[in-house]
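# Architecture and fold: a report
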Amino acid sequence: MIERLYNIDQISLLLQGKLNKEVTCFGIESTAHTFSCSVVSSSDVTHGNILSDFGSVFSPPPGSGIHPREASRHHIEVAPKVVKRSLVQARMNMKEVDAIAFSAGPGLGPCLRVGATIARSLSLYHDKPLIPVNHATGHIELAMMLTGAKEPIVLLVSGGHTLITAFSLGRWRIFGETLDLTVGQLIDQFGREIGFSSPSGQRIEELAKKSSKYIPLPYTVKGNDVSFSGILTSAKKLFHEGKDLESLCFSIQEIAFAMLAEVTERALAFTEKREVLLAGGVAANRRLQEMLGEVGMRHGANLFVVPKEYSGDCGAQIAWTGLLAHLAGVSVDAEKSFVRQSWRLDQVDVKWRD
Amino acid sequence: MERLMRRGAEADIYLGEWFGKEAILKIRKPKPYRQKELDMEIRKRRTLHEASFLVEARKAGVLTPLVYFIDPKNAEIVMQYIKGMRLREMIFDQRANVDELCSEVGRSIAKLHGSSIIHGDLTTSNFLVVDNSTLIFIDFGLAFFSQRLEDMAVDLHLMKEVLTSAHSEVADRAFSLILKGYESIAGANRVKDLTRKMGEIERRGRYARVE
């Protein structure tokens, strides 16, 4: 049994910069296409406490997706450089950090294992506590820290996740999620079909801006859940029948985002919360932000959007969450630090929140 | 004149009068963030579905408000005003008879499914409780007819999701009572099939445990 280093009150003091001690955490993100490292310190909760965040993204050839083996090979190749650069950027050496965190899941097995192996070695060699971090929790925690959202309904949208969640009784509770593809997969897989390389969100968004012609695609909302597979199948079919690409991109965004806006609105009306937080890679999309802004306004809730540079996968999400977990006394022995490819957000015990 | 009672996710609910009786006016207002064409279609379709399934559900033996008037073009429904408490609040307040109400929810869902009606939006805020005992189902905007096991299992899956997210502390108990109530109408074999199908649906989700 590991004792808590700090209680919840102390953690919140620490986060307000009132506890007289700076704690630092080194984090490694390697769930999918991104290998990234970061050092985060807890002297305050402003943007400034991300001391460094440096990464390298594996990009598959146009028209194909992320092959786990190829991506993990990329991670192994870039790892030494990324680890070093992130320390240099933070002007620190490994001896000075207080804990080492890694993304333990969910994600692609071979990719996760690269990050975990490096984290274990560093932890054992430098005798530092090893902190397993759930990748989805990382997205949410970093977004909350950067935006100042306190008790939000969170819409987490990325290549790996599409869900609506709110915190209650020690866990992130999932109000709704996708029943099949994530919205990131919808966009990337359509992008792949038309010959783009993944991730293709930005290029699709640009194409979508050039059209305002709406082509009906299946709108599938089941209670608080959504399903995107119908949109993907129809859009691919229409593309091969010669429908113009710009209108297709426009319509995919309009319909998929309207579905997300609707289920977010449902969760917001149900929970009567006053904050909506948009996190994950797809949060960078302006059209989605616009729609959610309107949803928030209708229900008197503020919209918080994670800053673009930290919306995608990054080391900072792991380092920051690792730091919070470390302060709450979470750690794992290297021998037991398995990665978990299917570690759902609602299975994470969040010990650092009330 | 009408008075805004509640602003839901989908519609605004007003309390007013209909030929001298207290009545609810439910308006699905346009959502500016949606494409006009899509928005019109969704609002109109859901208004029509709601009105017809409020009636269908009653035929299946589940209590619902009476429909007085519908205007699909403006996505408006006028229906009977029922003074009651939402089950959501009763669970929050830890009322004594919540257990019995959960069983009744299960029995009612089984009756709907028995008549091929899928509610499509089973949440604790869509069950009204009158006099602490009588259960009324509302919000049939996402309802549809189906005899597929899959659709019924998704219906129950949504119910379970709402309980685990919004009522975490009582979720397991409440859901097992709902299943028991369901079983008393539909039989044990049916519930076994449904539970198996729900497992399949959950495993299809993101990062579900493969066991």
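Residues numbered from 1 in each chain as written. Chains lettered and ligands numbered in written order. Predicted model: local features only at pLDDT ≥ 70, side-chain atom pairs only at ≥ 80, totals over all residues. Heavy atoms only, no water.

### Looking at the sheet that holds strand S2 (residues 34-41) of chain A
All names here are of chain A. Taken in spatial order, the 5 strands of this open sheet run S3-S2-S1-S4-S5, and their pairing is mixed. In this open sheet, the two edge strands, each paired with only one partner strand, are strand S3 (50-57) and strand S5 (130-134). Averaged over all pairs of adjacent strands, the angle between their axes in this sheet comes to 20 degrees, without regard to strand direction. Pairing of strand S1 (residues 24-29) with S2, which is carried by 6 bridges, proceeds in the antiparallel orientation. Across the sheet, the residue bridging to threonine 24 is serine 41, located in S2. Seen against the sheet, helix H3 (residues 109-126) touches S1, S2, strand S4 (99-105) and S5 and runs at an angle of roughly 160 degrees to S4. (Pairing = 2+ DSSP bridges. Helix = DSSP H or I, 4+ residues; strand = E, 2+ residues; numbered from the N terminus. Axes fitted to C-alpha atoms, helices over the stretch in contact; angles between N-to-C directions. Contact = heavy atoms within 4.5 Å.)

### A word on H3 of chain A
Residue and element names in this part refer to chain A. Under the 1.5 Å per step criterion, the end-to-end length of H3 is 25 Å for 18 residues, consistent within 8% with the ideal 26 Å. Those residues of H3 lying buried are Gly109, Cys111, Leu112, Val114, Gly115, Ala116, Ile118, Ala119, Leu122, Ser123 and His126. In this fold, the buried residues of H3 make contact with S1, S2, helix H2 (68-90), S4 and S5. Looking one or two places after H3, you find aspartate 127, whose phi comes out positive at around 55 degrees. (Expected span 1.5 Å × (residues − 1). Buried < 20%, exposed > 50% of the residue type's maximum accessible area, 1.4 Å probe, protein only.)

### Considering the domain arrangement of chain B
Residues and elements named next belong to chain B. Here chain B is partitioned into domain 1 (3-80) and domain 2 (85-210). Taking the mean C-alpha position of each, domain 1 and domain 2 sit 22 Å from one another. Every contact between the two is made by 16 residues of domain 1 and, on the other side, 18 residues of domain 2. When domain 1 packs against domain 2, the two sides together hide about 1400 Å² of surface, and 67% of this comes from carbon and sulfur. Where domain 1 packs against domain 2, one counts 1 salt bridge. Here lysine 26 makes a salt bridge to aspartate 139, at a shortest N to O gap of 2.2 Å. Top element by residues in the side of domain 1 that touches domain 2 is helix H1 (residues 36-59). It accounts for 7 residues. The residue inventory of the side of domain 1 that touches domain 2, partitioned by class, reads 7 nonpolar, 3 polar and 6 charged. (Domains from an automatic or database assignment. Buried area = accessible area lost by both parts, 1.4 Å probe. Salt bridge = Lys/Arg side-chain N within 4 Å of Asp/Glu carboxyl O. Nonpolar A, V, L, I, M, F, W, Y, C, P; charged D, E, K, R; others polar.)

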